[in-house]
Amino acid sequence: MMDASPVKRRRRNAALEQAILGVAWAELLDHGYAGLTLAGVASRAGTSRTVLARRWAGKADLAVAAVQYELDQRPFGSPDLGNLRAELLDYLQRLGGLADVIDLTFSMLLDASFRETYTSPQALRDVLMGGRQNVFATLMARAARRGELNPARLTGTVVPLLNDLMGHYVLLHRTPPDPTLCAAWVDEIFLPLVGAVPNQKV
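The rules behind these values
Residues numbered from 1 in each chain as written. Predicted model: local features only at pLDDT ≥ 70, side-chain atom pairs only at ≥ 80, totals over all residues. Heavy atoms only, no water. Helix = DSSP H or I, 4+ residues; strand = E, 2+ residues; numbered from the N terminus. Expected span 1.5 Å × (residues − 1). Buried < 20%, exposed > 50% of the residue type's maximum accessible area, 1.4 Å probe, protein only. Contact = heavy atoms within 4.5 Å. Polar contact = N/O pair within 3.5 Å; in protein donor to acceptor, adjacent residues only side chain to side chain. Axes fitted to C-alpha atoms, helices over the stretch in contact; angles between N-to-C directions. Parallel < 35°, antiparallel > 145°, perpendicular 65-115°, else oblique. Left-handed = near helix turned anticlockwise from the far one by under 90°. Nonpolar A, V, L, I, M, F, W, Y, C, P; charged D, E, K, R; others polar. Salt bridge = Lys/Arg side-chain N within 4 Å of Asp/Glu carboxyl O. Phe/Tyr/Trp six-rings, centres within 6.5 Å; stacked < 30°, edge-to-face > 60°. Lys NZ or Arg CZ within 6 Å of the ring centre and 35° of its normal. pLDDT = per-residue confidence, 0-100. 1 Å grid on protein atoms, 1.4 Å probe; cavity = no way out; pocket = protein on both sides within 12 Å on 5 of 7 lines; lining within 4 Å. Points joined across faces, edges and corners; volume = space filled by probe spheres on them.

Caption draft 1: Representation of helix H5 (residues 84-96) within the structure. Here H5 is 13 residues long and its end C-alpha atoms lie 18 Å apart, about the 18 Å a rise of 1.5 Å per residue gives. Of all 13 residues in H5, eleven are buried; the element is thus mostly enclosed. In this structure, the buried side of H5 is in contact with helix H6 (99-109), helix H9 (135-146), helix H10 (161-173) and helix H11 (179-193). Two to three positions downstream of the cap, the backbone nitrogen of arginine 85 sits 3.2 Å from a side-chain oxygen, assigning the N-cap of H5 to asparagine 83.

Structure (structure tokens):
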């Protein structure tokens, strides 16, 4: 009997890898990073630790790959809604939908063994965001073209503010903030800081 074609082998390998990453994500949700084990993932995925070891150097790399896989399942777009305020509220709603991902990445960074591989939050962010659209930067550029904000006010302190507020809220409460709080962040903090032109609230 002839061996399966390279294309079929690649498809099987891709399907196996997706299955492993889906299981690894489920294990992270169930047990956290501290409770994640290669043996547990292999058993639940119906494969072996040897198969996992051929693909990922260790537990940290497998966990990060699982987070990347989960992010791929939840596309994060930047629809043009006609005004900055509406787009920021939409952005925060979508970001809140990633509360479980945010919570898990925080917990991973708190683990000393994880930090042996990913030594800083920026190192982890660089890997997770590699090749992905910077949605917030897209929103800011679009608003600047509309004349809705002052680009000079988009400083290194101001730009990450909404993301930081979301991250701190999720870290404390392990759930996304309600829309009223998100609107307060936008209306009372961010828009005044960037010199946004007032428009009708939506």
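Caption draft 2: Just H9, in detail. In this model, H9 (twelve residues) spans 17 Å end to end at C-alpha, consistent with the 16 Å of a helix rising 1.5 Å per residue. Looking at the buried positions of H9, the neighbouring elements they touch are H5, H10 and H11. Glycine 147, located one to two residues past H9, shows a positive phi value of around 80°.

Caption draft 3: View of the packing of H5 against H11. Two numbers describe how H5 lies on H11: the axes approach to 10 Å, and their chain directions differ by 130°. On the basis of the axis angle, H5 is oblique to H11. Once H5 is placed against H11, the crossing between them reads as right-handed. On H11, the residues touching Leu84, Arg85, Leu88, Leu89 and Leu92 of H5 are Cys182, Ala183, Trp185, Val186, Asp187, Phe190 and Leu191. Looking at the contact of H5 with H11 residue by residue, the class counts come to ten nonpolar, no polar and two charged.

Caption draft 4: Main features of the pattern of salt bridges. Going through the model one piece at a time under the given rule, you end up with 13 salt bridges. A salt bridge links aspartate 187 to arginine 85; the shortest N-O distance between them is 2.7 Å. A residue pair is termed long-range when its members are at least 10 positions apart, and aspartate 187 in helix H11 and arginine 85 in helix H5 qualify at 102 residues. In this structure arginine 85 comes out as buried when scored by relative accessible area, which is 7%. The residue aspartate 103 makes a salt bridge to arginine 174 at a minimum N-O spacing of 2.8 Å. Of this pair, aspartate 103 sits in helix H6 while arginine 174 sits in the loop between H10 and H11, and the two are 71 residues apart along the sequence.

Caption draft 5: A look at the packing of aromatic side chains. Throughout the structure, instances matching the rule amount to six aromatic pairs. Ring geometry for tyrosine 169 versus tryptophan 185: centroids 6.3 Å apart, planes at 70°, classification edge-to-face. Of this pair, tyrosine 169 sits in helix H10 while tryptophan 185 sits in helix H11; the two residues are 16 residues apart in sequence, bridging distant segments of the chain. Of the aromatic side chains, those joined through ring pairs into one cluster are Phe76, Tyr91, Phe136 and Phe190. One Lys or Arg, lysine 59, reaches over the ring of tyrosine 33 and ends 4.5 Å from the middle of that ring.

Caption draft 6: Region of interest: the side chain of asparagine 83. By the secondary structure assignment, asparagine 83 is in the loop between helix H4 (59-72) and H5. Classification of asparagine 83 by relative accessible area gives buried; the value is 13%. Here alanine 86 takes part through its backbone nitrogen, which lies 2.9 Å from a polar atom of the side chain of asparagine 83.

Caption draft 7: The confidence of the model for the protein, seen in detail. Overall, the predicted model of the protein reaches an average pLDDT of 90, with 91% of residues at or above 70. Averaged pLDDT values for the elements of the protein fall to 83 in helix H1 (residues 6-35) and rise to 97 in H11.

Caption draft 8: Representation of the layout of surface pockets. A volume near 1200 Å³ is recorded for the largest pocket. Along the wall of the largest pocket there are 32 residues; nearest its centre are Leu95, Ile102, Arg125, Met129 and Asn163. It is helix H8 (residues 121-129) that provides the largest number of residues to the lining of the largest pocket, a total of six residues. Partitioned by chemical class, the residues of the lining of the largest pocket number 20 nonpolar, seven polar and five charged. There is about 210 Å³ of room inside the second largest pocket. Of all the secondary-structure elements, those providing two or more residues to the lining of the second largest pocket are H1 and H6. Residues belonging to the lining of the second largest pocket are distributed by class as follows: seven nonpolar, two polar and three charged.

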